[in-house]
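# Structural description and commentary
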2 protein chains.
Amino acid sequence: MNIILLSGGSGKRLWPLSNDIRSKQFIQLFKDHEGNYESMVQRVYRQITTVDKDATLTVATSKTQVSSIRNQLGNAADICIEPCRRDTFPAIALAATYLLYEKKAGRDECVVVCPVDPYVDDTYYEAVAKLEDLVKEGKSNLTLMGIEPTYPSEKYGYIIPKSKDLVSEVSEFKEKPDTETAKGYLSRGALWNAGVFAFKLGYLVDKAHELIDFTDYRDLYEKYDTLNKISFDYAVVEKEESIRVMRYAGEWKDVGTWNMMAEVMADDIKGNAVTDECCENVQIVNELDIPIIALGCKDMVIAASGDGILVTDKERSGYMKPLVEKVTDNMEARYAEKSWGTYRVIDAQPGSMTIKAFVKKGNHMSYHSHTLRDEVWTILAGRGYVIVDGIRQDVKEGDTVTMAAGCMHTIVAETDMSLLEVQLGVELSTEDKRYGDFEF
Amino acid sequence: MNIILLSGGSGKRLWPLSNDIRSKQFIQLFKDHEGNYESMVQRVYRQITTVDKDATLTVATSKTQVSSIRNQLGNAADICIEPCRRDTFPAIALAATYLLYEKKAGRDECVVVCPVDPYVDDTYYEAVAKLEDLVKEGKSNLTLMGIEPTYPSEKYGYIIPKSKDLVSEVSEFKEKPDTETAKGYLSRGALWNAGVFAFKLGYLVDKAHELIDFTDYRDLYEKYDTLNKISFDYAVVEKEESIRVMRYAGEWKDVGTWNMMAEVMADDIKGNAVTDECCENVQIVNELDIPIIALGCKDMVIAASGDGILVTDKERSGYMKPLVEKVTDNMEARYAEKSWGTYRVIDAQPGSMTIKAFVKKGNHMSYHSHTLRDEVWTILAGRGYVIVDGIRQDVKEGDTVTMAAGCMHTIVAETDMSLLEVQLGVELSTEDKRYGDFEF
């Protein structure tokens, strides 16, 4: 089974845990069977490989997510990097051509496209495996999965099937309706469009060539920024005549708000927090190292990270976007996963910013310099070495390294390391970075 | 007018803003007439000197509060330091003997003892000034202020006056009652005992000599730790026959819980926080430099500092003590005012702790060393010099100073300075400190 996992863009709907550089699919609030915390991406990967241990997984995503995916999945999944965001049709076309031209997958192989963010149980991926069987039957060009609605939602598009059979031809598609209209759809046996599409690889690559002028994967990649933004639904699905849908009635939750996340997170409290006996229906996630105390809170979510603190009534949690935009205006994300580990802003004042970084054993930062700032490292724990303007120096806890603006530098971790980085300058920005060559 | 201001002990009733070393009277949530934030101590000082610009103020308090008082009042008030906590009678006796033996106040001078923590308007201190007139009349040894109750509270002791006149002899004192009993007291014209006592200095010093065996202030100070803990009410007030009370009916609020503080704080939001239009009756205090977003919160207080985050229903805010004890067990306070400025813990992990310190221009830390830890300073802003094992070195932003365990050190700020201090060691404690001599 070839799965293309669409790992969507950054979002702030789970702020302060999600931000411009940490998408919600990397927040670890679920648990695997051994009780270890896992993220949406890790959960999906585990579920897919539980159903089909030979499944090949290709994550279609932007460059900003590569470090997080590598940190969380290692090399278990291929990553197809979108040079920029161009909606789902270009993303799926790019991933499909990647499979055909780069991974040499066969034109007759089945590909299933899945979004990364619904919270589902294992039966969902058993259904995904059945889609593969339906594709192999060859009775339709496209096969979709439709979710049995549990209420007349205004949030989803609807698929109206021709029959109420488990697998049916599609009569028509409907945009997100109002509640009254949705009730009408439900009486006709309508299903939510979950964004799960299955097809033969050749079908989709042909469709891509039909709609886009390109030769192969590399060519498509090069001209990706010239493509129009268009959804897969609009470009392909709604125009296809030969199309079937399979019903799915198992657990399926769209974890798009804290209210929804609160329903499915593994523990009511994650992190350093306590509640009194008068708290009811409260979930707390605390990534800070200071404690949270909640007293007499009802139907609320409290979430804290280096980016900020959210205290929200569950019903209101879907309405925070304007406030998040207000408070994060001009504020760079304070936490990020990097290829070499993680960093977190722990202090900022005019003229300086202090970052705490973890560098994993065996990893190193890129060899780089800054134009507008000096930096000072203080090693908190671990051992390794730094290269500063080509000169190697061993470092251990308590050592400091000073790097003036313009000076090339990197650190190589021989054990897990933690360090403070003080950035000093009038203009401090993650943009101020130049890369150099160094043979590690 | 001589005022002895009793600046009570540390408490956690306004956690996380109050902690073991920052008492609630130093939290700046009120505002003066120019709109500048001020603390309880600063407000009381301003109010007293508004009513009597020549008032002499002596703050009776413990050593731990001296830095905060100096930071907030400068040298405007005298400080009478209790070597240890021994309840209010020893504290008042010490302050009275300090006035007589050290400050050479006259035995006939009037002294008024006031607690620091009620929130009152200026008419309160006008009433305090009237107490002085009553003391000068000499009709009684002790003159108290009684607060007109606004409800039959269980939280206060009661004074039953002989008449309902503005000034009356006292019939009897009552301990904190239950609500039904309190209702009975109210029908007899009872007043809340606000802990305001006025007397001639000689009266109180004689009383102290009668109850304690000592010669003068220095002798009392030396043997202070041998004294029994006993309240002024119990030791003096309830045994005194010649005693009058004056009614006070103006604004008087006991700011002992967040619920009460929320009623009187100057702004509904202090610090980086936003609320949505569905929030009602919500107050937020945020001392962190990350934003707080509150959505759909009703009748709540949210307070955040380097010590932790509180999210509480107002009614429940009086019940947080056991939870605060639970989360702060083994946790040292993460913010403190020092004689030289402030410090705040910004990161802690096994083996290291990082502190951000502000040192005010012209100030310096004590010359000291640590036995069990190395330290590294990184100057973030400002200029000054360090003394390390007797050697002076100028420092400015970006400079680092490394101090091995055992090494004596201090920093002297020639401008306002901020710096990071990384502490490295297996056992990190504020107890690990030895002082040395240095001529600054």
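These numbers were taken from a predicted model, which means no experiment stands behind them.

### Things to note about the pattern of salt bridges
Summed over all chains, the structure comprises 60 salt bridges over all chains. One salt bridge in this structure joins aspartate 54 of chain B and lysine 53 of chain B, with 3.7 Å as the shortest N-O distance. The same class applies to aspartate 54 of chain B and to lysine 53 of chain B, which are both exposed. One salt bridge in this structure joins arginine 247 of chain B and glutamate 148 of chain B, with 2.9 Å as the shortest N-O distance. With arginine 247 of chain B in strand β12 (residues 243–248) and glutamate 148 of chain B in the loop between β8 (142–147) and β9 (158–161), the pair connects residues that are 99 residues apart, well separated along the chain. In the salt-bridge network here, residues are joined through shared partners; they are Glu137, Lys139 and Arg244 of chain A.

### What to know about the environment of isoleucine 293 of chain B
Tracing the backbone shows isoleucine 293 of chain B in strand β17 (residues 292–295). Taking relative accessible area as the criterion, isoleucine 293 of chain B reaches 0% and is therefore assigned buried. Residues isoleucine 293 of chain B and threonine 275 of chain B, 18 residues apart in the sequence, show an inter-C-alpha distance of 5.9 Å. For isoleucine 293 of chain B, the residues in contact, after removing those within four places along its chain, are Trp15, Ile309, Leu310, Val311, Leu323, Val324 and Val327 of chain A together with Val274 of chain B.

### Points about the pairing of strand β18 (residues 298–305) of chain B
All names here are of chain B. The buried fraction of β18 is high, at 6 of 8 residues. Bridge count for strand β16 (residues 280–286) against β18 is 6 bridges, and the pairing is parallel. In the strand pairing of β18, valine 285 is matched with alanine 303. Inspection of the sheet shows β18 paired to strand β19 (residues 308–313) by 6 bridges, in the antiparallel sense. Note on β19: the bridge partner recorded for valine 301 is threonine 312. The antiparallel hairpin formed by β18 and β19 contains 2 residues in its connecting segment.

### A word on the packing of helix α3 (residues 88–102) of chain A against helix α6 (residues 201–211) of chain A
Residues and elements named next belong to chain A. Where α3 contacts α6, the two axes come as close as 9 Å, and the packing angle between them is 120 degrees. Judged by the inter-axis angle, α3 sits oblique to α6. Judged by the twist between their axes, the crossing of α3 over α6 is left-handed. Where α3 abuts α6, its residues Phe89, Ile92, Ala93, Ala96, Thr97, Leu99, Leu100 and Tyr101 lie against Leu201, Leu204, Val205, Lys207, Ala208, His209 and Leu211. Along the lines of polarity and charge, the residues of the contact of α3 with α6 split into 12 nonpolar, 2 polar and 1 charged.

### Quick notes on helix α1 (residues 40–51) of chain A
Between its first and last C-alpha, α1 of chain A extends 17 Å over 12 residues, near the 16 Å set by a 1.5 Å rise per residue. Of all the positions in α1 of chain A, only Met40, Val41, Gln42, Arg43, Val44, Arg46, Gln47 and Ile48 of chain A are classed as buried.

### Some words on the side chain of serine 352 of chain B
Locating serine 352 of chain B in the fold gives a position in strand β22 (residues 352–359). Assessed through its relative accessible area of 1%, serine 352 of chain B is described here as buried. Sequence-distant contacts of serine 352 of chain B, defined by excluding residues within four places in its chain, comprise Leu380 of chain A together with Gln423, Leu424, Gly425 and Leu428 of chain B.

### Considering the packing of aromatic side chains
Inspection of every chain in the model, using the stated rule, returns 27 aromatic pairs over all chains. Judged by centre distance (6.2 Å) and plane angle (40 degrees), the rings of phenylalanine 199 of chain A and phenylalanine 232 of chain A are tilted. Of the two residues, phenylalanine 199 of chain A is situated in strand β11 (residues 191–200) and phenylalanine 232 of chain A in helix α8 (residues 232–235); the sequence distance between them amounts to 33 residues. Of the residues examined, phenylalanine 199 of chain A reaches a relative accessible area of 0% and is grouped as buried. Judged by centre distance (5.3 Å) and plane angle (80 degrees), the ring pair of tyrosine 124 of chain B and tyrosine 248 of chain B falls under edge-to-face. Of this pair, tyrosine 124 of chain B sits in helix α4 (residues 122–137) while tyrosine 248 of chain B is found in strand β12, placing the two residues 124 residues apart along the sequence. For the pair shown, tyrosine 124 of chain B and tyrosine 248 of chain B are each scored as buried. Within the aromatic cluster, the residues linked to one another by ring pairs are Phe89, Phe197, Phe199, Tyr203 and Phe232 of chain A. Taking the ring centre of phenylalanine 30 of chain B as reference, the NZ or CZ of arginine 43 of chain B above it sits at 5.7 Å. Lying across the ring of tyrosine 385 of chain B, arginine 392 of chain B places its NZ or CZ 3.7 Å from the centre.

About the cut-offs
- Residues numbered from 1 in each chain as written.
- Chains lettered and ligands numbered in written order.
- Predicted model: local features only at pLDDT ≥ 70, side-chain atom pairs only at ≥ 80, totals over all residues.
- Heavy atoms only, no water.
- Salt bridge = Lys/Arg side-chain N within 4 Å of Asp/Glu carboxyl O.
- Buried < 20%, exposed > 50% of the residue type's maximum accessible area, 1.4 Å probe, protein only.
- Helix = DSSP H or I, 4+ residues; strand = E, 2+ residues; numbered from the N terminus.
- Contact = heavy atoms within 4.5 Å.
- Pairing = 2+ DSSP bridges.
- Axes fitted to C-alpha atoms, helices over the stretch in contact; angles between N-to-C directions.
- Parallel < 35°, antiparallel > 145°, perpendicular 65-115°, else oblique.
- Left-handed = near helix turned anticlockwise from the far one by under 90°.
- Nonpolar A, V, L, I, M, F, W, Y, C, P; charged D, E, K, R; others polar.
- Expected span 1.5 Å × (residues − 1).
- Phe/Tyr/Trp six-rings, centres within 6.5 Å; stacked < 30°, edge-to-face > 60°.
- Lys NZ or Arg CZ within 6 Å of the ring centre and 35° of its normal.

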